[in-house]
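The chain contents come next:
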Amino acid sequence: MERGRERKTVFLRLTVCIILQCLVNCVTVSAKLTLTPPNGKVALGGSKTFICKVDKGDPYSILWYINDNEVEEDDHIHIETNEYQSQLKIINADPEVNGIYRCMASLENGEELQKSITISVIQDPKFENTLPVQEFEGGSDAAVLCHVVGIPNPIVSWEYHQEIVQSERYSILSDGTLVIKHIRASDAGTYQCIGSITERSVRRSLPITVKVKYVPTFESSEPQVLYSWLGNPVNISCTVRAYPEPNITWSRNSLDLGDIGLISKHSTDIRSVLQVPVRSAEEFSEYRCTASNAQGSASHTVQLREGGFPGIPRQLRAEPHSTTVRVAFDPPREDSGIPVLGYWLEWRPDSSWEWNRARIDNESYLVTGLQPYTPYQFRVSAINGRGDGNYSDIVSARTLSSREPDRPNVSTSNESTGNAIRIFFKDVENGGSPVLRHFIRYKEDEADEWCNVTVNNSSSDSYLLENLNWGSVYELEIEAENSIGRSVTTYLNVSIPLRPPAAAVGQKPRVGTAAVVGIILVIFVALLLLVDIVCYRTRRCGILMCLSASLLERGDIERKGLDREADESSDRTTSFTDRCAPLPTVSKHC
């Protein structure tokens, strides 16, 4: 018994020790080494600190290694270490510090921990020793310099309105220089030098203005001959393009006038304006604009001539009506150097000495307010800045006698309702008497009777025909009337479209009488059936109750007949009252 107790005691002690050992192992946490930050990139010339730290452990040494050699401090590297961490500081970063750095921590229990990080010095593209403005001689091979540095070395490309690709005229050297062969004035402008580092998706650009030196050139659109007259000042101008900026002078008949022109600049164009007062006849002469720069000189000549009065309009024509005359003519062959600004049109009756006058801008004009059947005379002269020209030959025309209007000129349009047509009346020659009214006759193409409408012109210039039959073609006859009589008839055919769905014309759908009656009957039957069901369920009455009773009676009669036949075969003495069951009673409310 005692031995058994001893064994149990030993077993319990062993079990307790094992449990305690497990508890100790469970709460024990292994040491951990951390290295921050995890990104080892350092900007050129910048500073960055890397921290190597031991967590949940007791180190006795923390050291830094590079290429299996302990890191030594210098001008770019500094190390600070305390009980639990060590700091590696990169100062004024230089590519010499690039490498794989390893932090190693030795613990008091003999365990060693280590972490590695790759430190690399980087630099975004940077432009050095590059001029923002570069000048070249026209016709030479221009080398546009652009020096881009970066770590790693950036790729250089160029843009001018669009990306420049290698061609016969353009080439990009290995150092980023853009070469333009036989550069010309049209190559001048702003170029973009672009440095890119694809590994980091970094892109930087620098605008470079390219200027090309070339001999001055003049705009070909400048006039070579100008016209004026005494007392009318005129501006003589020249537009030149050149680089460097030229000096512009003026001369008259080889007499130097100096640089007295007013200068205005726009982009690469320079405009000089010489103001000539034209006070004497000697100022009608040759003027020369000369532009000079270091590349050379060029001249542009303008002749200033005395302009005359406008020529005579040609082929004057007159088309008479009752109270109007349409006058037309052709412009003068010569404008004497000064543009025609307009015309004077004059007319008078043959019996009058005084002319009526109108200033017109075009070569056609309608003279109104004339007397019917009266002879008139017409003439015309041109106008320019200097004055009026001579009159044309007189043309005579007699207005027509008073008569009925011309055939009506009308147009039609469909209204939004669809079955309506609006008729518009347009002005026509009224024969010397205003149109008083219009007569409209219309009918369907297969109908026999016409509908008549009279429209007074004083009240409206249009009329609306409404409520026409859908899908029909109508015939229209329209006449105009003045105080003299009626015009010739104008004939029209108009089509009315098919009737659209009600919703398409903005109307609510209409329900026919039969449909309304049917809906009412359905509602009535539904209400009656509902009331009958309520009566059947609550008071055992109604039509359903009567139908049920009838069906039950018929079933009982058939069943009793079968029973009676059976009873007669078994017992012929049974009374009739014993064989017939009483009929089910029907409620007095049915």
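Now for a description of the structure that goes with this document. Treat the numbers as computed from the prediction; the structure is a model and nothing was measured.

Conventions we followed
Every chain begins its residue count from 1, and numbering advances along the sequence as written. Local features in this predicted model are restricted to residues of pLDDT 70 or higher, and side-chain atom pairs are both shown and tallied only at a pLDDT of 80 or more, whereas totals for entire chains, interfaces and linings draw on every residue. Derived side-chain values reflect all non-hydrogen atoms in the structure, with water molecules and hydrogen atoms excluded from consideration. With a 1 Å grid spanning the protein atoms alone, the term cavity applies to any set of points in which a 1.4 Å probe fits but cannot get out, the term pocket to an open set with protein on both sides within 12 Å along at least five of seven lines, and the term lining residue to any residue with an atom within 4 Å of a point. Grid points are joined across faces, edges and corners, and a volume is the space filled by probe spheres set on the points. Strands are runs of DSSP state E lasting at least 2 residues, helices are runs of H or I lasting at least 4, and numbering of each runs from the N terminus. Each residue gets one label: Ala, Val, Leu, Ile, Met, Phe, Trp, Tyr, Cys and Pro are nonpolar, Asp, Glu, Lys and Arg are charged, and the others, such as Gly, are polar. Surface patches are drawn from residues lacking salt bridges whose relative accessible area is over 30%; two like charges belong together within 9 Å, two nonpolar side chains (Val, Leu, Ile, Met, Phe, Trp, Tyr) within 5 Å. Under the convention used here, a 1.4 Å probe and the Shrake-Rupley method define accessible areas, while residue burial counts only the protein chains that appear. Salt bridges, as used here, are contacts in which a Lys or Arg side-chain nitrogen is within 4 Å of a carboxyl oxygen on Asp or Glu. A pair of cysteine sulfur atoms is labelled a disulfide when the two atoms are within 2.5 Å. Three exposure classes are used, based on accessible area relative to the maximum for each residue type with a 1.4 Å probe and protein chains only: buried under 20%, partly exposed in between, and exposed over 50%. Between two residues, a contact is recorded if the distance between any of their heavy atoms is within 4.5 Å. Within this scheme the basic residues Lys and Arg register as positive and the acidic residues Asp and Glu register as negative, but His and the chain ends are omitted. Just so you know, the charge point we use is NZ for Lys, CZ for Arg, CG for Asp and CD for Glu. Paired rings are identified among Phe, Tyr and Trp, the last through its six-membered ring, by centres lying within 6.5 Å, and are further divided according to the angle between planes into stacked (under 30 degrees), edge-to-face (over 60) and tilted (the rest). Here, a charge over a ring is recorded when the distance from Lys NZ or Arg CZ to the ring centre is within 6 Å and its angle to the ring normal is within 35 degrees. Strand pairing is defined by DSSP finding a minimum of two bridges between the two strands. Lines fitted to C-alpha atoms define the axes here, with helix axes fitted over just the stretch in contact, and angles between the N-to-C directions of these axes take values from 0 to 180 degrees.

**Comments concerning the layout of surface pockets**
A volume near 340 Å³ is recorded for the largest pocket. Elements supplying a minimum of two residues to the lining of the largest pocket: β17 (189-197), β18 (202-218), β20 (234-243) and β24 (269-276). Considering each element in turn, the lining of the largest pocket owes the most residues, five residues, to β18. Across the lining of the largest pocket, the residue classes tally to eight nonpolar, six polar and five charged.

**Focus: a nonpolar patch on the surface**
A cluster of nonpolar side chains, namely Ile519, Ile523 and Leu527, defines an oily patch on the protein surface of about 290 Å² accessible area. Mapped onto the fold, Ile523 is located in helix α2 (residues 513-539).

**Some thoughts on the state of the cysteines**
In the structure shown here, the tally under the stated rule is three disulfides. The side chain of Cys52 participates in a disulfide bridge whose partner is Cys103; the two sulfur atoms lie 1.8 Å from each other. Disulfide Cys52 to Cys103: torsion about the S-S bond roughly -90°, handedness left-handed. Linking Cys52 in strand β3 (residues 48-55) with Cys103 in strand β8 (residues 99-107), this pair joins segments that are 51 residues apart in sequence. This pair shows no difference in class: Cys52 is buried, exactly as Cys103 is.

**Some remarks on the environment of Cys238**
Within the element layout of this structure, Cys238 appears in strand β20. With relative accessibility at 0%, the residue Cys238 sits in the buried group. Separated by 64 residues in sequence, Cys238 and Val302 have C-alpha atoms that sit 8.9 Å apart. For Cys238, the residues in contact, after removing those within four places along its chain, are Phe218, Glu222, Ile248, Trp250, Ile270, Arg271, Ser272, Cys289 and His300.

**A few points about a negative patch on the surface**
A cluster of like negative charges, contributed by Glu70, Glu72, Glu73, Asp74, Asp75 and Glu96, occupies part of the molecular surface. In this structure, Glu73 sits in the loop between β5 (69-70) and β6 (77-81).

**Focus: the packing of aromatic side chains**
Using the criterion set out here, one finds four aromatic pairs in the structure. Centre to centre, the rings of Tyr160 and Tyr191 are 4.1 Å apart; their planes meet at 10°, and the pair counts as stacked. In this pair, Tyr160 is assigned in strand β13 (residues 155-160) and Tyr191 in strand β17, connecting sequence segments 31 residues apart. A ring pair is formed by Phe329 and Tyr343, whose centres lie 4.9 Å apart and whose planes are at 70°; its orientation type is edge-to-face. With Phe329 in strand β28 (residues 325-330) and Tyr343 in strand β29 (residues 340-349), this residue pair connects regions lying 14 residues apart in the sequence. Judged on exposure class, the residue Phe329 and its partner Tyr343 are both buried. Lying across the ring of Trp344, Arg359 places its NZ or CZ 5.9 Å from the centre. Positioned over the ring face of Trp450 is Lys443, at 5.1 Å from the centre of the ring.

**Quick look at the sheet that holds strand β27 (residues 314-320)**
The three strands are arranged β27-β28-β31 in an open sheet whose pairing can be described as antiparallel. Taken across any chain shown, the strands that pair with only one partner, and hence form the sheet edges, are β27 and β31 (364-367). Taking the axes of each pair of neighbouring strands and ignoring which way they run, one obtains an average angle of 15° across the sheet. Looking at chain direction, β28 and β31 are connected through four bridges and run antiparallel. Across the sheet, the residue bridging to Arg326 is Leu366, located in β31.

**A short note on the pairing of strand β19 (residues 225-228)**
Of the two faces of β19, the one lined by Leu226 and Ser228 is fully buried and the one lined by Val225 and Tyr227 carries no buried residue. Two elements, β19 and strand β26 (residues 296-306), share four bridges in a ladder whose sense is parallel. By the bridge assignment for β26, Leu226 is matched with Leu304.

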